[in-house]
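# Understanding the architecture of this molecule
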Amino acid sequence: MAHGDIVQVGRFDEVRRDLGAGCAVVEWPGALIPGLVNAHTHLQYTDMADLGTRSYPGFEAWSKAFAADYANRREWRQSAERGLDAVLRAGTTAVGDVVTHVEALDVLATGGLHGIAFWEVIGMRYTDWADRGRQRTIEILDSAAASSDGGIGLSPHAPYSLDGRVLTEVSALSRARRQRSHIHLAESRAEYEYVVRAAGPLADFWRNRGYGDFSLLRQGGAGTSPVAYAASAGVLDSYTHIAHGVYVDADDREILRRTGTVVALCPRSNAALGLDDAPVADYLREGNQVAVGTDSLSSSPSLDVLADTAELYRIARRQGYHQRDLHCRLFHAVTAGGAEAMGLAARFGRLEPGRSADMAVVDVDASRAHDVCAAVVEGGGGMTEATIVAGEVRFRRARQRTAPATAGDPGAPDSLHTADHSDRVG
């Protein structure tokens, strides 16, 4: 590895031969895999973790609990920093982080984690957007981009939380700036009722908050699904990925495929909020691109994306997906799939020369497991032994054993290679 990038990948003896005997060997227990990608979370809500340990009868009940807790929070940056530490401990090296407070917008950049911080626009009428919202958003994005090396995007929160013209213009703004966008979509039945016919508890919630002049509420709904509505508003394309995608039918999934829109699935968050399972098997059968997210600790028991991957495996099996590629498809989703969702596939998600040396070591006995990929996908959370970002060890569960490489050592395991004895992998 050089300058934080992977130089060579291969069998241990071949890599050691090519790199020379001057390097050292760092031995880790378990399997070495690409760094995990958490394609949807809100790190700033980490201190709201008490909410994520509860169960709710529906989305609207959670929304009320969230709003009450949110109103009492202030230290958003510190909370996001604790979230960053949590995802590192879970083997995550890249994140799609949705941010609502400016002080938390540069936490990924200053914390040395890859990914995109998506500035979220929420609760805005068109008059407010035209008067001050658009200019303020541009100022925030310009300031953040100048200090974050480009890892900034834009998130129109959801179809129900923005006036229709705002939804369209926020999406157009992200394209004009060549920045990625990310939206919550098709998450709950309440959202479906709101978008289709401006009815139900979520519509009442926003009316009661004084947003009855939102275009969908004024016009009695769009008469179409949230996915179809988002497409008609110009929201969906290959520069955008959505979170959740639970309440979708075959037509919706076809729209997502046609527009090149990736879906970040967050099954444990959906379960906590009393929602149905996403149609995981249908997404896989029909060829939709999927990624994996945890959502935030305000709606999920942990930020360990492997726990969500294992849950997706169980859901797919329950839904009748028994093809032999299931483990590989889900392993791809939590690594390269997440990178693809954020337009970062050229740098992250795979162990290949020229890519960033982002890796995780997971507690899998590679010498005994029939299929290491299956063991990782089914293993669930708490498996991470170490997390390496751009060649730097950022988390290590147990003390490593380091020894100089010795030519002709037949017992040497497949290992990480380092040019010295520091925490920088070489």
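Fair warning: this is a prediction, and the values are worked out from it, not measured in the lab.

To continue, consider empty space enclosed by the protein. Evaluated as defined, the whole model comprises two cavities of 30 Å³ or more. Empty space within the largest cavity amounts to approximately 40 Å³. Counted by class, the lining of the largest cavity contains seven nonpolar, one polar and two charged residues.

Our next topic: the sheet that holds strand E13 (residues 392-396). Strand order across the open sheet formed by four strands is E2-E11-E12-E13, with antiparallel pairing between neighbours. Because the sheet does not close on itself, it has two edges, and the strands there are strand E2 (31-34) and E13. Neighbour-to-neighbour, the strand axes of this sheet turn through a mean angle of 20°, independent of strand direction. With four bridges joining them, strand E12 (residues 384-389) and E13 adopt antiparallel strand pairing. Looking across to E13, one finds that Thr387 is bridged to Phe395.

For the protein chain, per-residue confidence averages 90 on the pLDDT scale, and residues scoring 70 or more make up 89% of the total. Within the model, the stretch residues 400-426 combines pLDDT values under 50 with 67 contacts to residues more than four positions away or in other chains.

For the rest of this paragraph, the subject is the packing of helix H8 (residues 189-197) against helix H9 (residues 201-208). Remark: H8 packs on H9, axes separated minimally by 7 Å, with the N-to-C direction vectors making an angle of 70°. Considering their axes alone, H8 and H9 lie roughly perpendicular with respect to each other. For the pair H8 and H9, the contacting residues are Ala190, Glu191, Glu193 and Tyr194 in the first and Pro201, Leu202, Ala203 and Trp206 in the second. A class-by-class count of the residues in the contact of H8 with H9 yields six nonpolar, no polar and two charged.

This part covers the pairing of E12. Of all six residues making up E12, six are buried, and the element is well covered by its neighbours. Looking at chain direction, strand E11 (residues 359-362) and E12 are connected through four bridges and run antiparallel. When the bridges of E12 are listed, Val361 appears paired with Ala386. What sits between E12 and E13 in their antiparallel hairpin is a turn of two residues, with Ala390 showing a positive phi close to 50°.

Okay, the nonpolar core next. Counting 105 residues, the largest nonpolar core has Tyr194, Trp206 and Leu236 as the members making the most contacts within it. Residues contacting Trp206, with those up to four places away along its chain left out, are Ile122, Gly123, Tyr160, Ser161, Tyr194, Tyr211, Gly212, Phe214 and Leu217. By size, the runner-up hydrophobic cluster in this structure holds nine residues, among which are Ile6, Ala357, Met359 and Val393.

The next thing to look at is the packing of aromatic side chains. Within the structure shown, the criterion is met by 14 aromatic pairs. A centroid spacing of 6.3 Å and a plane angle of 75° characterise the contact between Phe59 and Tyr160, whose relative ring orientation is edge-to-face. Taken together, the positions of Phe59 in helix H3 (residues 59-70) and Tyr160 in the loop between strand E6 (152-156) and helix H7 (164-176) put the pair 101 residues apart, joining distant regions of the chain. Their ring planes at 65° and their centres at 6.1 Å tell us that Tyr160 and Tyr194 sit as a pair that is edge-to-face. Of the two residues, Tyr160 is situated in the loop between E6 and H7 and Tyr194 in helix H8; the sequence distance between them amounts to 34 residues. Residue classification places Tyr160 among the buried positions, given a relative accessible area of 4%. Among the aromatic residues, ring-to-ring pairing joins Tyr45, Phe59, Trp62, Phe66, Tyr70, Trp76, Tyr160, Tyr194, Phe205, Trp206, Tyr211 and Phe214 into one connected group.

Between side chains of opposite charge, pairing is possible as soon as their charged atoms come close. Counted according to the given criterion, the structure contains 27 salt bridges. Taking the shortest distance from any N to any O, the salt bridge between Asp5 and Arg347 comes out at 2.9 Å. Placement of Asp5 in the segment before helix H1 (12-19) and of Arg347 in the loop between helix H16 (326-341) and E11 is noted, with a sequence separation of 342 residues between them. A relative accessible area of 33% places Arg347 in the partly exposed class. A salt bridge links Arg350 to Glu340; the shortest N-O distance between them is 3.9 Å.

Our focus in this paragraph is the packing of helix H15 (residues 305-318) against H16. Relative orientation of the contacting elements H15 and H16 amounts to 145°, with a least axis distance of 10 Å. Both H15 and H16 take part in a crossing whose hand is right-handed. Of the residues in H16, those touching H15 at Val305, Thr309, Leu312, Tyr313, Ala316 and Arg317 are Leu326, His327, Leu330 and Val334. Here the contact of H15 with H16 is built from residues that sort into seven nonpolar, two polar and one charged.

What counts and what doesn't
- Residues numbered from 1 in each chain as written.
- Predicted model: local features only at pLDDT ≥ 70, side-chain atom pairs only at ≥ 80, totals over all residues.
- Heavy atoms only, no water.
- 1 Å grid on protein atoms, 1.4 Å probe; cavity = no way out; pocket = protein on both sides within 12 Å on 5 of 7 lines; lining within 4 Å.
- Points joined across faces, edges and corners; volume = space filled by probe spheres on them.
- Nonpolar A, V, L, I, M, F, W, Y, C, P; charged D, E, K, R; others polar.
- Pairing = 2+ DSSP bridges.
- Helix = DSSP H or I, 4+ residues; strand = E, 2+ residues; numbered from the N terminus.
- Axes fitted to C-alpha atoms, helices over the stretch in contact; angles between N-to-C directions.
- pLDDT = per-residue confidence, 0-100.
- Contact = heavy atoms within 4.5 Å.
- Parallel < 35°, antiparallel > 145°, perpendicular 65-115°, else oblique.
- Buried < 20%, exposed > 50% of the residue type's maximum accessible area, 1.4 Å probe, protein only.
- Core = buried A, V, L, I, M, F, W, Y, C linked by side-chain atoms within 4.5 Å.
- Phe/Tyr/Trp six-rings, centres within 6.5 Å; stacked < 30°, edge-to-face > 60°.
- Salt bridge = Lys/Arg side-chain N within 4 Å of Asp/Glu carboxyl O.
- Left-handed = near helix turned anticlockwise from the far one by under 90°.

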